[in-house]
Each structure stands twice: as structure tokens, then as C-alpha cells.
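Per-entry structural report
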Amino acid sequence: MDTLSMKAMLADYGAETLKGIHNYIPDKEPRAYLYNLLAEYPNRGGKGFRPGLCIAACKAFGGKQDDASNSAVCLELLHNAFLIHDDVEDESFFRRNKPTLHQSTNTAIAINVGDAMQVLGLYPLFKNREVLGDKVAMQIFMEVQHMVTESVEGQAMELGWRKDNTANLMEADYLRMILKKTCWYTCIHPIRIGAIIGTKGRVNPEKFDRLGYFMGTSFQIQDDVLNLIADEEKYGKEIGGDILEGKRTLMLIHLMATCKPEELRTISKFLSLPIRQRKNADALEILELMHTYGSITHAKNTAQYLAGAALKEFYTIFSRLPDSEDKSLIENIIIYMIDREY
Amino acid sequence: MAAKKPNEQKKSSGSRKLADDILKGIKNEEILSSAQKVINSAVNVLEEEIAAGILAAKKIEKKVLDVDNIRSDPDDLMNRIRRDTHEAVDLFLDAITALTNKVNNLTESENAKAEKAEAAIVKPSPALTLLETEQPLQPGQSENFTFTLFEDSEKAAKISFQKTSLFGPNGQSINGRALKITPLNLTLKPKEEREVNVKLSLPKNAQPGTYNALITDSENALVKVVLNVVVIP
């Protein structure tokens with residue numbers, strides 16, 4: 001399977017999931033500042049990793065796509081809710097080549113739409129009972145409960161670092177934050193949920209933890225690298241925006257641990273300013289320092305090592321399953337994470 | 001392994017080559033140690049977080065459902081018992097009804113022990129575990145089950161499992177040899193948790209029907225495990 005086929009499969013699963021999302025949106029007022037926005041936001045697209053991993057894992061383990069569709073809808077709704085709230089918290093300007101929702105409406109409306117998306121995500125979990133039975137449906141409910149808990153804890157860690165202007169972070173701190181904020185909900189739980197559905201609850205979901213963790217961390221580090229060096233149009237977000245936002249990336253942590261004391265003071269001073277008072281020129285200077293001290297290369301290497309570890313986990317777990325397009329899809333998502341340009 | 005079409009094989013081998021290159025790159029000795037360091041550090045973080053999550057969940061369970069308090073009041077326990085446990089109790093009762101004299105003798109002996117124990121000390125209510133397959137099995141098929149034992153007292157406990165045959169409809173039974181318990185004997189230290197595996201290997205001549213077997217600890221009436229399996233032609 002090549003990258004194009006992988007993207008086509010993800011697009012198919014994404015389109016089906018999007019259709020499912022629209023089925024769950026109430027056709028009633030208030031439309032202008034709630035349901036219309038709620039319906040439009042997921043149309044912005046995205047890579048579709050979460051529903052893709054969930055459906056592919058389900059099918060690779062012998063399940064049917066329809067069995068996983070409610071869970072995929074829930075995952076995608078929660079993901080979109082996280083994005084809307086994340087953009088408010090980060091004061092971001094662009095998301096998927098469009099102004100962020102709070103920029104195009106206002107902060108209050110965006111938060112409310114995000115809240116509505118979270119609540120809407122509960123109903124497909126309830127409907128799972130009809131398709132999967134009480135036991136598996138409840139198991140998936142608890143998977144989602146854990147997923148959301150971990151994600152908000154990870155977000156709290158990162159927001160706390162920014163608020164306190166924490167400057168003494170170690171790589172293990174970063175790995176922990178990414179595990180909690182990103183990995184559980186981007187990779188670990190989508191795969192776990194898919195496998196639970198595919199096996200009708202007969203798989204030990206913990207066996208996918210390392211695979212999803214290595215995949216998710218590799219993906220996030222790569223995403224952070226691309227934020228600094230990618231083509232802005234392809235990437236869909238402002239380049240270098242993470243530095244302006246003061247995001248504690250692996251590159252920033254590496255830089256702060258290796259640069260000279262006077263440079264560290266300059267960086268700390270920059271990070272202590274409110275976001276809107278930070279200057280682009282200063283952010284570019286920090287980017288230059290990241291190049292000088294090899295922070296970006298270090299992050300790229302780390303992402304590569306973790307992707308390799310993810311591949312090894314994948315082969316260990318999935319090699320006993322019959323070959324299928326869905327099994328190849330998961331393998332190719334891992335490979336894509338290493339090779340992608342945006 | 002399912003057979004693949006030639007073009008799929010070609011595409012797949014391309015992906016595999018890239019994957020091999022990545023893994024080979026990591027095996028390069030110069031970077032192996034850095035890779036190992038990163039992966040070890042990552043794994044440590046994951047294991048710590050999983051352990052912290054389990055601990056936090058147990059604390060919440062303790063707050064939401066005060067197990068010790070409830071166990072001391074069996075009526076309260078019955079009021080709070082969950083639906084799936086009701087089902088388990090029903091199945092347990094069905095199983096008991098269907099069991100032969102051998103099982104009756106066993107349960108009577110267990111009850112006698114429990115009554116004696118109650119006279120001396122207030123014991124927690126029996127814990128019942130239900131093992132069942134999601135799907136029916138066919139004759140000749142195998143299935144693995146696991147359950148966990150936790151010693152919540154301050155004393156070590158010796159466990160020696162005993163099992164019955166699997167009892168089905170119309171007096172049919174499957175010999176207990178079809179069940180393999182691992183470990184069969186164990187000692188649980190205070191606060192220790194151990195996983196026990198039960199492998200069911202249905203004989204090829206097993207008759208269709210719903211079967212139940214009872215697994216107990218010969219030393220402790222609190223351990224009762226009911227195994228329920230549906231055999232289809």
C-alpha cells in the first residue's frame with residue numbers, strides 16, 4: 001500500500017464518519033450559533049487518523065465497519081471539540097487553513113460549540129448498546145472515559161507549564177505530557193476500541209498501549225517539527241506558531257537544556273510575556289537557536305526511533321492476523337508518520 | 001494467512017521495504033544506544049502512568065463503593081449489586097441446581113466451613129466470579145479465561161483449586177479434565193494480586209447445550225468461580 005492508497009482509505013473512513021456525525025446533529029434551533037457551526041466544523045477535514053485507526057483495527061480483528069461506526073463518530077466529535085477548545089486555550093489563529101472558530105465567531109460561542117460536540121459524542125456511545133450489546137458498549141464507554149480524562153490531564157500539564165513559565169523540563173516530562181494529552185486519544189484508544197469491537201470484547205486492550213504510545217509520540221514530535229519547518233499552505237497552521245504560543249515542544253526543551261545561560265534568560269523572558277506581546281522576530285531568533293543547537297535534528301531522530309519502536313510493536317501484535325488492507329493501513333500510518341511533509 | 005493478490009503483494013512489499021529500512025537504520029550501532037535510551041525512557045513513563053491510573057481508579061472505587069463496609073452487610077450488598085452480578089448469581093444458582101451429588105457434597109462442606117468461620121469471626125460475603133465466552137464454542141474448540149485473586153487481609157493465604165465437571169442439559173456432562181487451571185496451587189501474600197488462567201478444551205464429542213462448572217478453593221469458601229459455556233453443533 002502506498003501513501004495515496006492509505007490517504008484514500010482514511011478519506012473513505014473519514015467520509016463515512018462525517019456522515020455519521022451529521023446524522024447525530026439535531027435539526028432544530030438554535031442553528032446560527034450552534035448547530036450550523038457544529039455541522040460545518042468537522043467538514044474542515046483532517047487526516048482522519050482516529051476513526052481510521054478505530055475502523056481499521058476493528059476490521060483487522062475480524063469485525064465489520066458498521067460495528068465501529070458509532071465509536072468512530074464519538075472519537076471524531078470529541079477530537080473536534082478538543083480542537084476548538086485547544087485553539088481558544090492556545091489563542092491560535094488558524095486551523096486547517098481557515099480561521100479558528102473563536103476567531104471567526106467569538107470565544108464564548110466557540111467554547112459553547114465545543115461543549116455541544118462533547119455532549120453529542122455521548123449519544124453514539126449509548127447507541128453502541130444496540131449494535132454491540134451491553135457488555136462491549138459499556139467497555140467502550142469506559143475506554144472513552146479514560147481517554148478524555150487522560151487528555152484533559154495532559155492539557156492541564158502543558159497549560160500549567162506555560163502559566164508558570166516552567167523552564168526546567170526534562171524529556172521525560174514531555175513524553176508524559178504527550179502520552180496523556182495526545183497518545184491516548186489519537187492512537188491508543190482508537191486502536192483499543194477498534195480491537196475490542198472486532199473481537200467482541202475478547203482481546204486484552206492493554207497490549208496495544210505501547211504501539212499507540214510510540215505511534216502517537218512519534219506523530220506529535222513530527223507535528224511539532226513541521227510546525228517549524230513545513231510549508232505553511234500544506235501544513236494548514238501558521239509556521240512557528242508553537243514558539244509564539246510558548247508550547248513546550250521537545251525542541252524547546254532540548255534547546256533550553258543545551259543553550260548558554262544568557263540565551264536561556266532571553267528565551268525565558270520571551271516565554272514570560274503574554275502571547276500577544278511576543279514578537280515574531282524573537283520567535284525567529286529562538287528558531288535559529290534550535291537549528292544552531294541541533295534541537296530540530298534531535299527531535300527528528302527521536303521521532304524516528306519511536307516510529308521504529310511502533311513498527312516493531314505492530315509486527316509483534318498484528319503478524320498473527322490474516323493479511324488485509326486494514327492491517328496494511330495501520331502499518332502505513334506508522335510509516336507515513338515518519339515520512340510525511342505536512 | 002490469507003492469500004494475497006499479486007498487485008497487493010507488490011504494494012505491500014514496498015511498504016515492508018521502507019519499514020525494514022527504518023528498523024535497519026535504528027539497528028545501526030552508532031544510534032542504537034540513543035534509540036534505546038529514548039525508547040526506555042518512553043516505556044518507563046508509560047508504565048508509571050498506567051500504574052498511577054490503576055491506583056487512582058482503585059481509590060475512586062473505594063470512595064464510591066466502600067467495599068469493606070458493604071461486605072459486612074450482605075443485605076446492603078444485594079441492594080447495590082449490579083445487574084451483571086445478578087445474572088452471575090442466577091447462573092451460579094442454576095449451576096448449583098444442576099450439579100451432581102459430588103458438587104452438593106462439596107458445597108455442603110464449604111457451607112459448613114463458612115458457618116464455622118462465621119461463628120468465630122465476621123467474614124466478608126462470598127465473592128463470585130463468572131467466566132463466560134462471548135460466543136458459543138464448537139466441540140473440539142478451546143478457550144482461555146483468566147480471573148484475578150486479591151488477598152485483602154494482612155495474612156498470606158494458600159489456595160488449592162478444585163473443579164467440577166461441566167454440567168449440561170439432560171444430565172449431560174463433560175469431564176473436568178477439559179479444564180486446566182494454572183496455577184493449581186498458589187500462596188497469596190498480604191495485598192498480593194495474582195492472575196489465574198483456566199483453559200477449556202472441549203472434547204470432540206461434546207454435545208450441544210449450556211454447561212456450567214464450579215471452581216472453588218478447597219481451603220477458602222470465599223473463592224467461587226462459575227464457568228459458563230454454550231456448546232453448539
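Per an unreviewed UniProt entry, the recorded name for chain A is Polyprenyl synthetase family protein, and the organism is Aequorivita vitellina. Comment text from UniProt for chain A, heading Sequence similarities (unreviewed entry), reads "Belongs to the FPP/GGPP synthase family."

1. Here's the deal with the overall build of chain A
Secondary structure summary: chain A contains 17 helices and 2 strands in total. Counting only residues that meet the buried cut, chain A has 58% of its 342 residues in that class. In chain A, the share of contacts with a sequence separation of at least 24, taken over all contacts with a separation of at least 6, comes to 74%. By element, 53% of the accessible surface of chain A is carried by carbon and sulfur atoms, the whole surface being about 14,000 Å².

2. Some words on the overall build of chain B
Within chain B, the secondary structure is distributed over 6 helices and 10 strands. Every one of the 233 residues in chain B was classed for burial, and the buried ones make up 30%. When the accessible surface of chain B is split by element, carbon and sulfur atoms take 52% of a total near 14,600 Å².

3. Here we look at the pairing of strand β8 (residues 193-201) of chain B
Bridge count between strand β2 (residues 142-150) of chain B and β8 of chain B: 9 bridges; the pairing is antiparallel. Bridge pairing in β8 of chain B links Phe145 of chain B to Val198 of chain B.

4. Comments concerning the environment of Tyr24 of chain A
All names here are of chain A. Of note, Tyr24 is situated in helix α1 (residues 3-24). Spatially, the C-alpha atom of Tyr24 lies 7.2 Å from that of Leu120, the residues being 96 residues apart in sequence. With sequence-adjacent residues up to four places away left out, Tyr24 is seen in contact with Asn70, Val73, Leu120, Tyr123, Pro124 and Lys127. Among the polar contacts listed, one links the side chain of Tyr24 to the side chain of Asn70, at a separation of 2.6 Å.

5. Side note on the packing of helix α13 (residues 250-258) of chain A against helix α15 (residues 280-292) of chain A
Residue and element names in this part refer to chain A. Contact pair α13 / α15: the axes reach a minimum separation of 10 Å and the direction vectors enclose 75 degrees. Taken together, the axes of α13 and α15 lie roughly perpendicular to each other. Between α13, through Met251, Leu252 and Leu255, and α15, the contact on the second element is made entirely by Ile286, Leu289 and Met290. A class-by-class count of the residues in the contact of α13 with α15 yields 6 nonpolar, no polar and no charged.

6. Digging into the sheet that holds β8 of chain B
Residue and element names in this part refer to chain B. Reading across from one edge, β2-β8-β6 is the order of the 3 strands in this open sheet, with antiparallel pairing throughout. Strand pairing shows two members of the sheet lacking a second neighbour, β2 and β6 (179-182), which therefore form its edges. Taken pair by pair, the neighbouring strands of this sheet meet at an average axis angle of 20 degrees, ignoring direction. Looking at chain direction, β6 and β8 are connected through 4 bridges and run antiparallel. Its bridge partner lying in β8, Thr182 is registered against Asn197.

7. Describing the nonpolar core
For soluble globular proteins, nonpolar side chains are generally found buried alongside one another. Among the nonpolar cores identified, the biggest contains 96 residues, and Tyr213, Met215 and Phe318 of chain A are the most heavily contacted of them. Top element by residues in this core is helix α9 (residues 171-198) of chain A. It accounts for 15 residues. Aside from chain neighbours lying at most four places away, what touches Phe318 of chain A is Ala60, Phe61, Phe208, Leu211, Lys327 and Ile330 of chain A. Ranked by size, the runner-up nonpolar core spans 27 residues in total, among them Leu166, Leu186, Ala206 and Tyr211 of chain B.

8. As for the pattern of salt bridges
All told, the structure shown has 23 salt bridges over all chains when counted by the stated rule. For Glu47 of chain B, the salt bridge identified is with Arg210 of chain A, shortest N-O distance 3.2 Å. Separated into two different chains, Glu47 of chain B in helix α2 (residues 29-64) and Arg210 of chain A in helix α10 (residues 209-229) make up a pair that spans both. A residue is classified by how much of its surface remains accessible, and Arg210 of chain A, at 32% relative accessible area, is partly exposed. With its nearest N and O atoms 3.1 Å apart, the salt bridge here joins Asp323 of chain A to Lys327 of chain A. Residue classification places Asp323 of chain A among the partly exposed positions, given a relative accessible area of 29%. Residue Lys327 of chain A is classed as buried on the basis of its relative accessible area of 9%.

9. Let's talk about α1 of chain A
Residue and element names in this part refer to chain A. With 22 residues, α1 ought to run about 32 Å at 1.5 Å a step, and its terminal C-alpha atoms sit 31 Å apart, in line with that. Here α1 has its buried residues at Met6, Met9, Leu10, Tyr13, Thr17, Gly20, Ile21 and Tyr24. Projected down its long axis, α1 carries its buried residues within an arc of 120 degrees, all on one side. Residues of α1 that are exposed and point more than 90 degrees away from the buried face comprise Leu4, Asp12 and Asn23.

Reading the values: rules and limits
Residues numbered from 1 in each chain as written. Chains lettered and ligands numbered in written order. Predicted model: local features only at pLDDT ≥ 70, side-chain atom pairs only at ≥ 80, totals over all residues. Heavy atoms only, no water. UniProt positions renumbered as here; feature names shortened; annotations may be inferred. Helix = DSSP H or I, 4+ residues; strand = E, 2+ residues; numbered from the N terminus. Buried < 20%, exposed > 50% of the residue type's maximum accessible area, 1.4 Å probe, protein only. Contact = heavy atoms within 4.5 Å. Areas by Shrake-Rupley, 256 points an atom, 1.4 Å probe, with all protein chains shown as cover. Pairing = 2+ DSSP bridges. Polar contact = N/O pair within 3.5 Å; in protein donor to acceptor, adjacent residues only side chain to side chain. Axes fitted to C-alpha atoms, helices over the stretch in contact; angles between N-to-C directions. Parallel < 35°, antiparallel > 145°, perpendicular 65-115°, else oblique. Nonpolar A, V, L, I, M, F, W, Y, C, P; charged D, E, K, R; others polar. Core = buried A, V, L, I, M, F, W, Y, C linked by side-chain atoms within 4.5 Å. Salt bridge = Lys/Arg side-chain N within 4 Å of Asp/Glu carboxyl O. Expected span 1.5 Å × (residues − 1). Arc of directions from axis to C-beta.

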